[in-house]
Structure formats: structure tokens, C-alpha cells
Amino acid sequence: AVVTSIDPLEAYLCREGLARFCTTKYEAPTAANAGQHYMHLTNFSVNKKSAGFVKANDPWNPMSEASKRPLSTLLRQIEAEQIAAGKTFDEAAFYT
């Protein structure tokens with residue numbers, strides 16, 4: 001995916017792929033944290049060494065908090081969050 005805007009969310013996505021996450025909570029880069037690779041890189045080879053890495057037991061489970069999971073799982077998670085917030089979720093809008 002290529003994210004072109006956060007608010008509003010705008011990204012170019014394939015129908016399926018991998019969503020990879022940093023294993024340390026993100027903070028904007030500074031001179032003090034620029035070397036914290038687990039915070040700034042989503043590369044699997046880097047993050048699998050982190051104590052915060054969560055291995056996927058069932059990557060298709062919509063409750064998964066794995067550090068690497070299918071895009072379709074992430075979209076189900078976003079959908080659930082939107083519904084819980086009383087909002088609608090239009091997955092098709094991601095692909096237009």
C-alpha cells in the first residue's frame with residue numbers, strides 16, 4: 001500500500017497483501033530516536049527480533065494483533081472499529 005493521506009485516509013491498495021507493523025509505538029523521528037529501528041521500520045527481518053513482535057497463530061482471525069497479518073484481516077479490524085464507533089465502513093471505497 002502507498003498511503004497518500006492520513007486525514008482523510010487515502011491509500012492505494014491491492015486486493016490482498018500483508019499489513020506489517022512496527023513493534024514499538026511510533027514517535028516522529030528525532031535525533032534521539034532515529035536509530036530505533038523497531039519504531040520506524042516495518043521490515044519483518046528487523047521486527048521479528050524485537051521483544052514486542054507478535055507471531056500470528058491464526059493470521060485470518062479478525063482479533064489478531066500479530067505484527068504481520070493479511071490486509072483482509074486488517075480491513076475486518078478497521079470495519080469492526082468503525083461499526084463500534086457508530087460509523088459505516090465501505091471497503092469498496094478503498095479500491096476506487
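Residues numbered from 1 in each chain as written. Predicted model: local features only at pLDDT ≥ 70, side-chain atom pairs only at ≥ 80, totals over all residues. Heavy atoms only, no water.

Draft legend 1. Structural context of unusual backbone geometry. A cis geometry characterises the amide bond from Asp7 onward to Pro8, with omega recorded as 5°. Among the structural elements, Pro8 can be located in the loop between strand E1 (2-6) and strand E2 (9-12). (Helix = DSSP H or I, 4+ residues; strand = E, 2+ residues; numbered from the N terminus.)

Draft legend 2. Layout of the nonpolar core. Among the nonpolar cores identified, the biggest contains five residues, and these are Leu71, Leu75, Phe89, Phe94 and Tyr95. In contact with Phe94, not counting residues within four places along its chain, are Leu9, Ala11, Leu13, Leu75 and Phe89. (Core = buried A, V, L, I, M, F, W, Y, C linked by side-chain atoms within 4.5 Å. Buried < 20%, exposed > 50% of the residue type's maximum accessible area, 1.4 Å probe, protein only. Contact = heavy atoms within 4.5 Å.)

Draft legend 3. Region of the structure containing the side chain of Asn47. Inspection of the secondary structure puts Asn47 in helix H2 (residues 44-47). Side chain to side chain, Asn47 and Thr23 meet in a polar contact 2.6 Å long. Asn47 has contacts with Phe21, Cys22, Thr23, Tyr38, Leu41, Thr42 and Phe53, leaving out every residue within four places of it along the chain. (Polar contact = N/O pair within 3.5 Å; in protein donor to acceptor, adjacent residues only side chain to side chain.)

Draft legend 4. The packing of aromatic side chains, seen in detail. What the rule picks out here adds up to one aromatic pair. The ring of Phe44 is capped by Lys68, whose NZ or CZ atom sits 3.9 Å from the centre of that ring. (Phe/Tyr/Trp six-rings, centres within 6.5 Å; stacked < 30°, edge-to-face > 60°. Lys NZ or Arg CZ within 6 Å of the ring centre and 35° of its normal.)

Draft legend 5. Representation of the side chain of Asn33 in the model. The topology assignment puts Asn33 in the loop between strand E3 (18-20) and helix H1 (37-40). On the basis of relative accessibility, which here comes to 5%, the residue Asn33 falls in the buried class.

Draft legend 6. Region of the structure containing the pattern of salt bridges. Under the counting rule described, the total for this entry stands at two salt bridges. Across the pair Arg76 and Glu79 runs a salt bridge whose closest N-O atoms are separated by 3.0 Å. With a gap of three residues between them, Arg76 and Glu79 both fall in helix H3 (residues 71-84), about one helical turn apart. Residue Arg76 is classed as partly exposed on the basis of its relative accessible area, which comes to 32%. (Salt bridge = Lys/Arg side-chain N within 4 Å of Asp/Glu carboxyl O.)

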